[in-house]
Amino acid sequence: MNLSARLDDLSIIVEVTSDRPLSAPVFCFSLMAPAKVVRGGTLVQAVASYHEVELPDLVPGTGHEIVLQHLGGFRPANRAWLPLGAYLRAEGEIIELPALPAGVTQGDLPPGEMPDLRIVPPVTRWSPVGGQVSVTGFVSDSDDFEPVVQLAERTGLGPFLIPDGLPLIQEVDGQLATEAYRLNITESGVSLAASSESGRFYGAITLLTLLHTHEGQLPLGEIEDAPRFEWRGQHLDCARHFFEPSTIKRLMDLMALLKMNRFHWHFADDEAFRVEVESVPELWQKTAFRGEGELLPGLFGGGPRAGGTYSLDDVAEIIAHGQALNIGTLPEIEVPAHSYGMAKVLPGLRDDADTGAETSVQGYPENVLSPASDQTWEVLGQLSAEVAGLFPLGLIHLGCDELPDGAWDGSPAIDALKKREGLSSRDDVQGWTMARLAGQLAENGHSPVAWEEAARGSNGGIGHGAILQSWSGQGPGIDAARAGYDIIMSPAQHVYLDMAHSAETDDWGASWAAFIPLEETINWSPVPSGAEDIADRIIGVEGCFWAEFTTSDQQIEPMLAPRILGVASKAWDIRDSLTGESLRGLARAYLPIFDSMNWVTALR
Ligand code: ACM
C-alpha cells in the first residue's frame, strides 16, 4: 500500500496505490479543514475535517489520484495540510496506509548576537565584575534545592549538587519580592538571596542554566532578577491529540527551566473530554478514542483509532510534578461552543427543537450547548465543580471562544430564555451563560478564566473577577481590561506555537493567524503603546499549542523549541530587552540544554 500527496495552489493532490485489487474502497482521512472532492472519488461522509471518499476499484500497482480542495477557498499552507490518519475501508476490512512524513524539518539557526549573560528569560540586572570561575556543580547541605537537583537529573543537566562543588550559600532577604532572587557569583562561592521558596528555586535555575550555557565557566558578578508578570504560561491542547502524561511532565520541566509558572491544560474540546471525571463518566468513556466504531470518527489525524484519557492519578501526578517546579496547573473545560463531542454524548445539552444550521469555524455542526436546557446546568454544575476541585490552583478556564454565527438562532427555548432574561443578541445569551456558570463556581470558592469572547454581552460578560485571555490579537484584551478584567496576553500572531515558522510549503503547521519565525515571538509588547492606562490589568503572557495536526507527541518539540524562549522572555523580562539578534544568539546557547533533554529543536 502506498500513499503520496502534494499541494498545488488551492488543491491537495493525493495518490493511493494498492498492492491488491480492491473493490470500491472508501478512503478515510482528515485534513486541517473541511474539503470537497474535485476529482477521483465521491464524498460519502464528512464530519468537519474528517472525510470518507469512495474510490473506484483499485488495480494493484496503479496509482489512483484524488484531488481535494478546502471549502471556502481555504489555502493549504504546507505538509501539515495533507491527509492525516489516512486508511482504506474495503471488503469489510480496515487497511492502514503509510503515514505521510510529519513534523518540522530542521533548519539552520541564522547567526545572532551572543549576550554577555546567556540566559532565558534575560535577568533584570547583571553587574559583571570581570573574570570567571570554573564550575562543575555546587555544594550545599540544604534540602531546599531538591526540586532543582531532581529537575537537573531528569533533564540530563545534573548533577546540580556535587561534594566538591562551588559553595552555594542561601540567604533570606525579606525585602525581595516573592519570586525575586539575587545571586552573587564569586571565585569562592555563590550567595543566593530570596524571600521565598520560588525565589530560591529561580535563583538555582539560573545557576543550573549558566553552568551549561557558559560551558562550566561562570562569569563573576551580581544578578538581580524578578519577573515582570505573575502569569507566565504555556497551554497544551490535549483534546485534539492525546499527549502522554510523561510528555506533559517533560514540557513542565522545560517550562521550569524558563521560569514559566502556569500550565494551561486544554483537555476538552469538540473532539474529546479526557479527564476521567466521576461526575459524568460517559463523557470521557465515549470520547476517549475516535475512529472506526467510535462515537466520533478519525478527526484531526485520529486514523482508525487514536486517543486516551487521564486517570485521576495521572491528574494528581501532573499537578504534583508542576507544584514541585513552581508551576500551577489550570484546567480548561470548553463551553458553550467547542462542545461537539459533549453534545453527542449528552444530546439533552442541546435544544432538539433548534432548527439552526450553524457551523463552527472548524466545520462542526451543533457544537454549542443550550443554556436553556436544565440538563446543561445540571451537568455543567457537576463537571465544573468536580474539575475545579481536582486542581488546587483555585482557577478553572471555562473556554468561551468561537461561538459560531447563527448559534441558538433556531431554538424556541433560547427565544423564551431571551425574553425571560431581557437578552437580545447571541453575545447577550453567551454573557449570561458564562456569568451564571462563573457564579456557581464562585459559590464553591473557585474563580473563572476564559477566552476573550467572555467579555461580550450587554450584561458585561462573565464578570465574577474572571481573568480573560486575549488570543485573536491584543485589542480584545485591552478593551476587556478597560472594562475591568485582568488579562493574559496570548496574541496568536506571536505566541501560537502551532503556527508554521514560515510560508514554505515544505514547512509544518497552521497558518490562519500568521507565520511565526523565532523573532516574531518577541516582536510585540504585552502592554502596547496607547494601552498604558490598563498596564496593571495585564497580568501575564501565555504561549499556546493547538494540536489539530499533531499525530505523535514528539511533533511538538520543534514547534516549541526554540520559539518558547521568546514567549518565556516576554513573560518575565521587565526590561523587554531582547532583539531578534540576541534571541537567535540565546537559541544557540540553549542548544546544549535542548540536546541534554533530547528535545528536538526546529533550528540549529
Ligand atoms: C482560540 O484560539 N480559539 C482560543
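Residues numbered from 1 in each chain as written. Predicted model: local features only at pLDDT ≥ 70, side-chain atom pairs only at ≥ 80, totals over all residues. Heavy atoms only, no water.

An unreviewed UniProt entry annotates the chain as beta-N-acetylhexosaminidase of Pelagovum pacificum. Looking at the Sequence similarities (unreviewed entry) heading of the UniProt record, one finds this comment for the chain: "Belongs to the glycosyl hydrolase 20 family." As recorded by UniProt, the Catalytic activity (unreviewed entry) comment attached to the chain reads in full: "Hydrolysis of terminal non-reducing N-acetyl-D-hexosamine residues in N-acetyl-beta-D-hexosaminides." (UniProt positions renumbered as here; feature names shortened; annotations may be inferred.)

(A) Quick look at the UniProt feature "domain: Beta-hexosaminidase bacterial type N-terminal" (unreviewed entry) in the chain. In the numbering adopted here, UniProt assigns the feature "domain: Beta-hexosaminidase bacterial type N-terminal" (unreviewed entry) to residues 173–226. Helix makes up 31% of residues 173–226 and strand makes up 39%, while its end C-alpha atoms are separated by 14 Å. (Helix = DSSP H or I, 4+ residues; strand = E, 2+ residues; numbered from the N terminus.)

(B) Broad picture of the packing of aromatic side chains. Enumeration over the complete set of coordinates arrives at 22 aromatic pairs. When the centroid spacing of 6.1 Å and the interplanar angle of 80° are considered together, the rings of Trp265 and Phe391 count as edge-to-face. In this pair, Trp265 sits in strand S17 (residues 262–266) while Phe391 sits in the loop between helix H7 (374–390) and strand S23 (395–399), placing the two residues 126 residues apart along the sequence. The pair Trp265 / Phe391 is uniform in exposure class, with both members buried. Measuring from ring centre to ring centre gives 6.4 Å for Tyr590 and Phe594, while their planes differ by 50°; the resulting arrangement is tilted. Its relative accessible area of 1% is what places Tyr590 among the buried residues. (Phe/Tyr/Trp six-rings, centres within 6.5 Å; stacked < 30°, edge-to-face > 60°. Buried < 20%, exposed > 50% of the residue type's maximum accessible area, 1.4 Å probe, protein only.)

(C) Representation of the nonpolar core in the model. The biggest cluster of nonpolar side chains holds 158 residues, and the ones touching the most others in it are Phe138, Phe160, Trp265, Phe267, Phe273, Tyr310 and Ile462. By residue number, the principal contributor to this core is helix H2 (residues 197–213), which donates eight residues. Ignoring any residue separated from it by four or fewer positions in sequence, one finds Ile462 in contact with Leu398, Gly431, Met434, Ala435, Ala438, Pro448, Ala450, Ala454, Leu468 and Tyr485. Core analysis: the next-biggest nonpolar cluster, separate from the first, contains 21 residues, Phe27, Leu31, Leu82 and Ile95 among them. (Core = buried A, V, L, I, M, F, W, Y, C linked by side-chain atoms within 4.5 Å. Contact = heavy atoms within 4.5 Å.)

(D) Fine view of the pattern of salt bridges. One pass over the structure, following the stated rule, counts 30 salt bridges. Among the salt bridges present, the one from Asp144 reaches Arg200, with a minimum N-O distance of 3.7 Å. Here Asp144, found in the loop between strand S11 (138–139) and helix H1 (146–154), pairs with Arg200, found in helix H2; they are 56 residues apart in sequence, far enough to count as distant. A relative accessible area of 38% means that Asp144 is categorised as partly exposed. The partner of Arg305 in a salt bridge is Glu294, and the shortest N-O contact between them spans 2.8 Å. (Salt bridge = Lys/Arg side-chain N within 4 Å of Asp/Glu carboxyl O.)

(E) Layout of the UniProt feature "domain: Glycoside hydrolase family 20 catalytic" (unreviewed entry) in the chain. Here the UniProt-annotated "domain: Glycoside hydrolase family 20 catalytic" (unreviewed entry) positions come out as residues 229–573. Within residues 229–573, the helical portion is 32% and the strand portion 16%, while the C-alpha atoms at the span's ends are 8 Å from each other.

(F) Here's a closer look at the environment of Phe549. Here Phe549 shows up in the loop between strand S27 (538–543) and helix H12 (556–560). On the basis of relative accessibility, which here comes to 1%, the residue Phe549 falls in the buried class. For the pair Phe549 and Ser525, spaced 24 residues apart in sequence, the C-alpha separation works out to 29 Å. Residue contacts for Phe549: discarding those within four places in its chain leaves Met32, Ala80, Leu84, Asp498, Trp508, Gly509, Ala510, Gln555 and Met559.

(G) How the structure looks around the sheet that holds strand S1 (residues 2–8). Taken together, four strands build an open sheet; the order of strands is S1-S2-S7-S4 and the sheet is antiparallel. The open sheet has two edge strands with one neighbour each: S1 and strand S4 (35–39). When the angles between neighbouring strand axes are averaged without regard to direction, this sheet yields 30°. By the bridge criterion, six bridges tie strand S2 (residues 11–17) to strand S7 (residues 64–70) in an arrangement that is antiparallel. For Ser11, the partnering residue across the bridge sits in S7 and is Gln69. (Pairing = 2+ DSSP bridges. Axes fitted to C-alpha atoms, helices over the stretch in contact; angles between N-to-C directions.)

(H) Highlighting the sheet that holds strand S8 (residues 84–90). Taken in spatial order, the five strands line up as S5-S6-S3-S8-S9 in an open sheet, and their pairing is antiparallel. Whereas interior strands pair on both sides, the edge strands pair on one side only; in this sheet they are strand S5 (42–47) and strand S9 (93–96). Each adjacent strand pair in this sheet contributes to an overall mean axis angle of 25°, direction not counted. Pairing between strand S3 (residues 26–30) and S8: four bridges, direction antiparallel. Its bridge partner lying in S8, Phe27 is registered against Leu88.

(I) Representation of the side chain of Ser360 in the model. Looking at the secondary structure, you find Ser360 in the loop between helix H6 (340–345) and H7. The class of Ser360 is buried, set by a relative accessible area of 7%. For Ser360, the residues in contact, after removing those within four places along its chain, are Asn367 and Pro404.

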